[in-house]
Amino acid sequence: MYAFYSLLVYIFYTVFKKEEEEALEGACGASSDEPGPVSMETGSRRRDGHTPKMRKNACARLSESSSSSDSDEMSDEDEEDVSEIPACTPLAAFLSFKQEAEKRRASQVQLETTGKVTNLAESPLVAVMSHLLTFLEQYSHFQQLQQQADQYRVQLKRHRAQHRRQMKALRASYRQRLRDKNSIICSLEEAISQPQTPSPLSEGECSSDAGTQAGVHRLVESLYGLQGERSKLRGELRLLHSQLEQKERDRHCRIQAFQQQIDELKSCIEEREEELSRLRTATGATDSEKRVLCLSAENESLKQNLSVTQGLLQQLSAIPSQSSTMLIKENETLRSRVQQLEISLQQRAEQLSQLERQSEQSEWRRGEELRKREDRVRELQLELDRERSKEPLVKYVTQTVEVESPATLKQLTKARQRNELLSERLSTQNERCKHLEEQIRKSDEYSCNLQHKIAAYEREISKLREDLLREIGHLEERKEEAVKAAASCSAEHFQNLQDQFFSLQKRLTALPPTLRSMKTDYTSLRSQVRNFSDFYGSAINEAKKQISAAINEMSEANKDLLEKYRKEVALRRKYHEQLVELKGNIRVLCRVKPVLKEDQHEEGQSVVVTTDPNNESSLTVLSKGKGRIFELDKVFHPQAAQEEVFQEIEPLVTSCIDGYHVCIFAYGQTGSGKTHTMEGSVENPGINQRALKHLFSVIEERKDMWSYTVTVSSVEIYNEVLRDLLSKDGEKLDIKINPDGTGQLHVPGLRIIEVKSFQHIKKILATARRNRITFGTQMNQHSSRSHALLCITVEGTDLATGSKTTGKLNLVDLAGSERVWKSGAEGERLKEAQNINRSLLALGDVIQALRARQTHIPFRNSRLTYLLQDSLGKGSKTVMVVQVSALESNVGETLCSLKFAQRVCKVELGPAARKIEAGGQCD
Ligand SMILES: Nc1ncnc2c1ncn2[C@@H]1O[C@H](COP(=O)(O)OP(=O)(O)OP(=O)(O)O)[C@@H](O)[C@H]1O
């Protein structure tokens, strides 16, 4: 049995071994004997139909499970060599044998199922055989599969090759198409560069080549990309356009600005030219005239030259030609010279005509200028008239105030009438009260008299009683005596006694009625007195009731009245402000000092300053035989009283109570009356005292609605040093910024006194006057050597609304401006004078800057201007009183002062600003 197995295994081994060896031999022989593709082409086929190469490949494929794709470089011929391989191997014979065995086994199974069981299946040889057969079957199946796979691979290769070929052809055609399309793109680009060009890709073209549709699509995409780029470029272009437009606009604006500047410059040049021509006309001949003269003179000389040359020519022509050539040459040069001269003559003539035209033009311009001047004069005249008509305007404004509010006025008059009625009733009640009181007093007196009378009566009665009793006692005694005597004496005597007794009895009976009447009188009087106190009390109560009722009625009516009054006050304030603004927030008044005896040092001094009684705003100064007219806001004639001057300033003082900053200062040469105007004397007080008086009277008027606090301080600036005029120590003071953050100035250490009454202020003013530095100069016996400032602050609180106002009134008496040589100042006085003049100069600079509306106003250049900063600048009200002397000896100073005043006149401070605080907010 074992021997059989061994034999079988051997058979199989030899069969497989042989097949394997053949395969290996084939492979080795092919690799050694048939090198390269040539041998492959010509190589004979083996028994099994496999070429050596194929086998090698198959081996490789077997060893490498992954069948990598053939390289593209593989030749097409190689691929074509692959053919179908027939499946006729020794294994096939074995397989047929195996199939037969299987069939046998199947029949055996059938036999088993039919019950004919044999013990063949149990034989180990049959099992091994069946195993071997299964293995062989699997192997053959594997080989078949391998063959199939090889076939597929070959087919695949073939397809791939075919595909590659197709691809090649396609690539070539694509390249061709690409070239075509490139040309199309170029044309497209050209088309794109030209806007609105229709797309060169027509539908027909797209559809014409279905194979190149993808390429066309790509092209279309690129076209879209290009279009996108084009739109982007267009956007950029638009942006550039807009930038360009912006630049254009900017350029245009700049051109306009330049044009404007040029226009301005032209107008400026024209003005200059006009000014120049004016100056020329003022000095005499114009430049053009002078040039005309010069040119005509030159012309003349040229003409003379010409005539001389012509004469020379004639002479030369007369001379026989000796050296003719020389002469000809000379002649020619002369001719050319003549020609030149003629040309220049012509030019000159042209210039002359041009200049004549110019002179004509300048003449015309002069005429224009003259006309303009006339117009200006007319305008000035009109302005003057307007200024003159201001006063009626002011009146008109006040009238219009009344006209504008007729309803209010009606109401007011009604209210006033009611008020009057009520006050009349109140007064009648008062009178009644008074009358009652008088009656009470009289009845008191009467009762007192009665009591006195009663006492006298009582005294008399008691006396009479005593007398009566005494008489009765006497009579009783006499009666007893008589009885005794009757007993003893005659009947005659008894009769006498009886008569006496009867008369006494009569007297006694006569006595009781008076006594009774007196008694009744007394009792009635007593009852009257008792009743009178009751009556008096009830009458008083009645009167009180009536009075309280009247008062209630009054207060009811008063509420309305108060409201109306408030409105009226506000309206008045408004119109007052308008009035002040109409007059100007900076006003210049001029006061001419009357000629006093002590001023006339020299004999025969004439008066050179005259005022016009018909025009209150002009004054004429006669200087060097010429009269100069000065126009100011108001001119006071020399006889003007202090009251008259104050009346002009009064509205501004009222403004201060309403919360405005007001500055009033007197300016002028030394001795011209500044101190007189500001301070005055005890008998004839000046602005300071009158202003304070007015202030307190207004405060008194408004006490029902406003409560005010008035504080006063006074300083002097002497040699640029600040001193307190209300303090005795005379310490140097400094001006600083208030640390409260308001940015306002304050003077640390300055005495500020709260003033309660006008009497109090009088004392304060007297102290300030005493402390001020004065010295006698040649110009003034008591010349003030310092600037004195009286600063009044009025803080008001509206009792109804609680709003607060802060007004300031600065009253300044400036030190006199003076000419040092004239005032005879030396040493310390000279230094004073220089300091005074310097600070006045600083004041002038401030005024000048305000007038020119400069952004920087040089307030800090002197202590005076620094201190007056908040009352001199914008939003404040200023009055300058210019004091001038009328005497000829002071004409220089008078002219200086008036010129300065006229400059101040032209300053505009703008609308005044009220300093009011409502609920902690500032206006
Ligand atoms: N309108 C006037 N009526 C009467 N007297 C006047 C008038 N003006 C000035 N005076 C008198 O002239 C004198 C000089 O005046 P005042 O002292 O006021 O001049 P001033 O300008 O203040 O001088 P200074 O600058 O030197 O102080 C004083 O005696 C004054 O009484």
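Predicted, not measured: the structure shown is a model, and the values here were computed from it.

Rules used throughout
Residues numbered from 1 in each chain as written. Predicted model: local features only at pLDDT ≥ 70, side-chain atom pairs only at ≥ 80, totals over all residues. Heavy atoms only, no water. Salt bridge = Lys/Arg side-chain N within 4 Å of Asp/Glu carboxyl O. Helix = DSSP H or I, 4+ residues; strand = E, 2+ residues; numbered from the N terminus. Buried < 20%, exposed > 50% of the residue type's maximum accessible area, 1.4 Å probe, protein only. Core = buried A, V, L, I, M, F, W, Y, C linked by side-chain atoms within 4.5 Å. Contact = heavy atoms within 4.5 Å. Pairing = 2+ DSSP bridges. Axes fitted to C-alpha atoms, helices over the stretch in contact; angles between N-to-C directions. UniProt positions renumbered as here; feature names shortened; annotations may be inferred. Polar contact = N/O pair within 3.5 Å; in protein donor to acceptor, adjacent residues only side chain to side chain. Expected span 1.5 Å × (residues − 1). pLDDT = per-residue confidence, 0-100. Phe/Tyr/Trp six-rings, centres within 6.5 Å; stacked < 30°, edge-to-face > 60°.

**Re the pattern of salt bridges**
Right, so step 1: One pass over the full model with this rule turns up 9 salt bridges.
Right, so step 2: The partner of Arg769 in a salt bridge is Glu679, with the nearest N and O atoms 3.5 Å apart. Of this pair, Arg769 sits in helix H17 (residues 758-771) while Glu679 sits in the loop between helix H15 (674-678) and helix H16 (687-701), and the two are 90 residues apart along the sequence.
Right, so step 3: Judged by its relative accessible area of 31%, Arg769 is partly exposed.

**Quick look at the nonpolar core**
It is characteristic of soluble globular proteins that their nonpolar side chains tend to be buried jointly.
Right, so step 1: With 51 residues, the main nonpolar core has Leu619, Phe665 and Leu789 as its most contacted residues.
Right, so step 2: Element by element, the count of residues in this core is highest for helix H19 (residues 827-851), at 7 residues.
Right, so step 3: Beyond its immediate sequence surroundings of up to four residues, Leu619 is in contact with Cys590, Val592, Val609, Thr610, Thr611, Arg628, Ile629, Phe630, Leu632, Val635 and Leu898.
Right, so step 4: Within the second largest apolar cluster, 45 residues are counted, among which are Ile657, Val662, Trp706 and Val712.

**Some words on the sheet that holds strand E3 (residues 615-623)**
Right, so step 1: Overall, antiparallel pairing links the 3 strands, which are arranged E2-E3-E4 in an open sheet. Looking at strand neighbours, the two that pair on one side only are strand E2 (609-612) and strand E4 (626-631), the edges of this open sheet. When strand polarity is set aside, the average angle formed by the axes of neighbouring strands in this sheet is 25°.
Right, so step 2: Alignment of E3 against E4, held across 6 bridges, turns out to be antiparallel. Bridge pairing links Leu619 to Phe630 in E4.

**Some details on the UniProt feature "coiled-coil region" (unreviewed entry) in the protein**
Right, so step 1: Taking the numbering used here, the UniProt-annotated feature "coiled-coil region" (unreviewed entry) corresponds to residues 142-173, 230-282 and 331-439.
Right, so step 2: Helix makes up 100% of residues 142-173 and strand 0%, and the two end C-alpha atoms of the span are 45 Å apart.

**Looking at the side chain of Thr865**
Right, so step 1: Here Thr865 shows up in helix H20 (residues 863-867).
Right, so step 2: Side-chain polar atoms of Thr865 contact the backbone oxygen of Phe859, separated by 2.6 Å.
Right, so step 3: Ignoring sequence-local partners within four residues, the contact set of Thr865 consists of Ala842, Leu843, Val846, Pro858 and Phe859.

**Examining helix H22 (residues 891-905)**
Right, so step 1: A rise of 1.5 Å per residue sets the reference length of H22, with its 15 residues, at 21 Å; its end C-alpha atoms lie 21 Å apart and thus fit the reference within 8%.
Right, so step 2: Buried residues of H22: Val891, Glu893, Thr894, Leu895, Ser897, Leu898, Phe900, Ala901 and Val904, and no others.

**Quick word on the confidence of the model for the protein**
Right, so step 1: Taken as a whole, the protein shows an average pLDDT of 71; of its residues, 59% reach a score of 70 or greater.
Right, so step 2: Confidence drops under a pLDDT of 50 for residues 23-91, and excluding neighbours within four residues, the segment shows 53 contacts in the predicted structure.

**A look at the side chain of Thr677**
Right, so step 1: One can find Thr677 in helix H15.
Right, so step 2: Among the polar contacts made by the side chain of Thr677, one reaches the side chain of Arg591 at a distance of 3.0 Å.
Right, so step 3: Setting aside anything within four residues of it in sequence, one finds Thr677 in contact with Arg591, Gln642, Val645, Gly686, Ile687, Val881 and Gln883.

**Notes on the packing of aromatic side chains**
Right, so step 1: On inspection of all chains with the given rule, the structure shows 2 aromatic pairs.
Right, so step 2: Summarising the aromatic geometry, the rings of Tyr667 and Phe900 are spaced 4.7 Å apart at their centres and angled 40° between planes, so their arrangement reads as tilted. Of this pair, Tyr667 sits in strand E6 (residues 661-668) while Phe900 sits in helix H22; the two residues are 233 residues apart in sequence, bridging distant segments of the chain.
Right, so step 3: A residue is classified by how much of its surface remains accessible, and Tyr667, at 10% relative accessible area, is buried.
Right, so step 4: Overall, the relative accessible area of 5% leaves Phe900 in the buried class.
Right, so step 5: Between Trp706 and Tyr708, the ring centres sit 5.8 Å apart and the planes meet at 15°, which makes this aromatic pair stacked.

**Topic: the pairing of strand E7 (residues 706-718)**
Right, so step 1: In terms of burial, E7 is a largely internal element, 10 of the 13 residues being buried.
Right, so step 2: Of the pairings in the sheet, the one linking E7 to strand E15 (residues 787-798) comprises 12 bridges and is antiparallel in character. Looking across to E15, one finds that Trp706 is bridged to Asp798.
Right, so step 3: Inspection of the sheet shows E7 paired to strand E12 (residues 753-755) by 3 bridges, in the antiparallel sense. Across the sheet, Thr711 pairs through a bridge with Glu754, a residue of E12.
Right, so step 4: Two strands pair when backbone bridges link them, and E7 and strand E8 (residues 721-724) are joined in this way by 4 bridges, in the antiparallel orientation.

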